[in-house]
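Each chain, written out:
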Amino acid sequence: MSKLTKNQKAALEKIEAGKAYTLAEASELVKEVTFTKFDASVDIDVRLGVDPRKANQMVRGIVSLPHGTGKETRVLVLCTPEKEEEAKAAGADYVGLDDYIDKIKGGWTDIDVIITMPPVMGKVGQLGRILGPRGLMPNPKSGTVTMEVGKAVSEVKQGKIDFKVDKYGIVHTSIGKVNFTPDKLVDNAKEFIDTLNKLKPSAAKGTYIKSIYLSSTMSPGIKVDPKEF
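Residues numbered from 1 in each chain as written. Predicted model: local features only at pLDDT ≥ 70, side-chain atom pairs only at ≥ 80, totals over all residues. Heavy atoms only, no water.

A. Structural detail: the sheet that holds strand β3 (residues 75–78). Across the sheet, three strands lie side by side as β4-β3-β5; this open sheet has parallel pairing. With one partner strand each, in any of the chains shown, β4 (94–96) and β5 (113–116) form the two edges of the open sheet. In this sheet, adjacent strand axes meet at a mean angle of 15° when their direction is disregarded. Two elements, β3 and β5, share four bridges in a ladder whose sense is parallel. (Pairing = 2+ DSSP bridges. Helix = DSSP H or I, 4+ residues; strand = E, 2+ residues; numbered from the N terminus. Axes fitted to C-alpha atoms, helices over the stretch in contact; angles between N-to-C directions.)

B. Quick look at the confidence of the model for the protein chain. The predicted model of the protein chain averages 91 in pLDDT, with 98% of residues at 70 or higher. Here helix α1 (residues 6–14) stands out as the element of the protein chain with the lowest mean pLDDT, 77, in contrast to β4, whose mean of 98 is the highest. (pLDDT = per-residue confidence, 0-100.)

C. Representation of the packing of aromatic side chains. One pass over the structure, following the stated rule, counts four aromatic pairs. Look at Tyr-100 and Trp-108: their rings are 5.7 Å apart centre to centre, the planes differ by 35°, and that puts the pair in the tilted class. Judged by centre distance (5.1 Å) and plane angle (80°), the ring pair of Phe-163 and Phe-192 falls under edge-to-face. Taken together, the residues span a long stretch of sequence, with Phe-163 in strand β6 (residues 160–164) and Phe-192 in helix α8 (residues 182–198) at a distance of 29 residues. By relative accessible area, which is 5% here, Phe-163 ends up buried. In this structure Phe-192 comes out as buried when scored by relative accessible area, which is 0%. Among the aromatic residues, those joined into a cluster by ring pairs are Tyr-94, Tyr-100 and Trp-108. Positioned over the ring face of Trp-108 is Lys-103, at 4.3 Å from the centre of the ring. (Phe/Tyr/Trp six-rings, centres within 6.5 Å; stacked < 30°, edge-to-face > 60°. Buried < 20%, exposed > 50% of the residue type's maximum accessible area, 1.4 Å probe, protein only. Lys NZ or Arg CZ within 6 Å of the ring centre and 35° of its normal.)

D. Local environment of α8. For α8, which comprises 17 residues, the first-to-last C-alpha distance of 24 Å matches the rise-based estimate of 24 Å (1.5 Å per residue) to within 8%. Listed as buried for α8 are Pro-182, Leu-185, Val-186, Asn-188, Ala-189, Phe-192, Ile-193, Thr-195 and Leu-196. On its buried face, α8 is in contact with α2 (23–32), β1 (41–48), β2 (60–64), β6, β7 (170–177) and β8 (209–216). (Expected span 1.5 Å × (residues − 1). Contact = heavy atoms within 4.5 Å.)

E. Representation of the pattern of salt bridges within the structure. The final tally for this structure, using the stated rule, is eleven salt bridges. The shortest N-O distance in the salt bridge between Arg-53 and Asp-51 comes to 3.1 Å. Judged by relative accessible area, which is 73%, Arg-53 ranks as exposed. For Asp-51, a relative accessible area of 18% puts it in the buried group. As a salt-bridge pair, Asp-51 and Lys-54 come within 3.7 Å of each other at their nearest N and O atoms. Exposure remark for Lys-54: the relative accessible area of 44% places this residue in the partly exposed category. What emerges from the salt-bridge pattern is a single network uniting Asp-51, Arg-53 and Lys-54. (Salt bridge = Lys/Arg side-chain N within 4 Å of Asp/Glu carboxyl O.)

F. Structural context of the packing of α2 against α8. Close contact between α2 and α8 brings their axes to 9 Å; oriented N to C, the two are set at 125°. Here α8 runs oblique to α2, going by the angle between their axes. Note that α2 runs across α8; the crossing there is right-handed. In this structure, α2 contributes Leu-23, Ala-24, Ser-27, Glu-28, Val-30 and Lys-31 to the contact, and α8 contributes Pro-182, Leu-185, Val-186, Ala-189 and Lys-190. The residue inventory of the contact of α2 with α8, partitioned by class, reads seven nonpolar, one polar and three charged. (Parallel < 35°, antiparallel > 145°, perpendicular 65-115°, else oblique. Left-handed = near helix turned anticlockwise from the far one by under 90°. Nonpolar A, V, L, I, M, F, W, Y, C, P; charged D, E, K, R; others polar.)

And the structure:
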């Protein structure tokens, strides 16, 4: 690791070890301790009191962030010809079917989200080995297998994200960019945490939201007091 600059050292000293900040304080602080030349993402990590190995404690869902993620989401729609215009009008980056299925079989996965419709899931299903590990497989639960392809494209473009708890019980997602105002970061984080609370499995016992950390792509994590939620 390269040596820290004076600025970086000063910034790191702003984070008090062991202190839990309010969400508002953390949203301001994360902007102050980021030194990347590019506009870094702001991420949130929430540790949940669940055992993700048990099916009845799996936490997964969708959230539409009020201010979007600030990220350009590249969307591919795999649909039948009569749906192509609807998908394009809603802002899909790539629209087609067999030609894109062949491209993906050839190793192309230069996209963030794939939206498809039930009648063509048979064809899309063949791509499971490629799409599954990359988290790109369309899924009716996350709204990416639907007859309303236009609506699904618009929602994704406006900042709808899907998330699920990992095997360590942590849910990790991006809630904006460092150039967002602290208020926007707070709104997005609250919406995400509210959604997590609504998804609390009845089988989960004890403290549900155990810890919350806010960080940017290259910054240290800032602890947020979970009691706020």
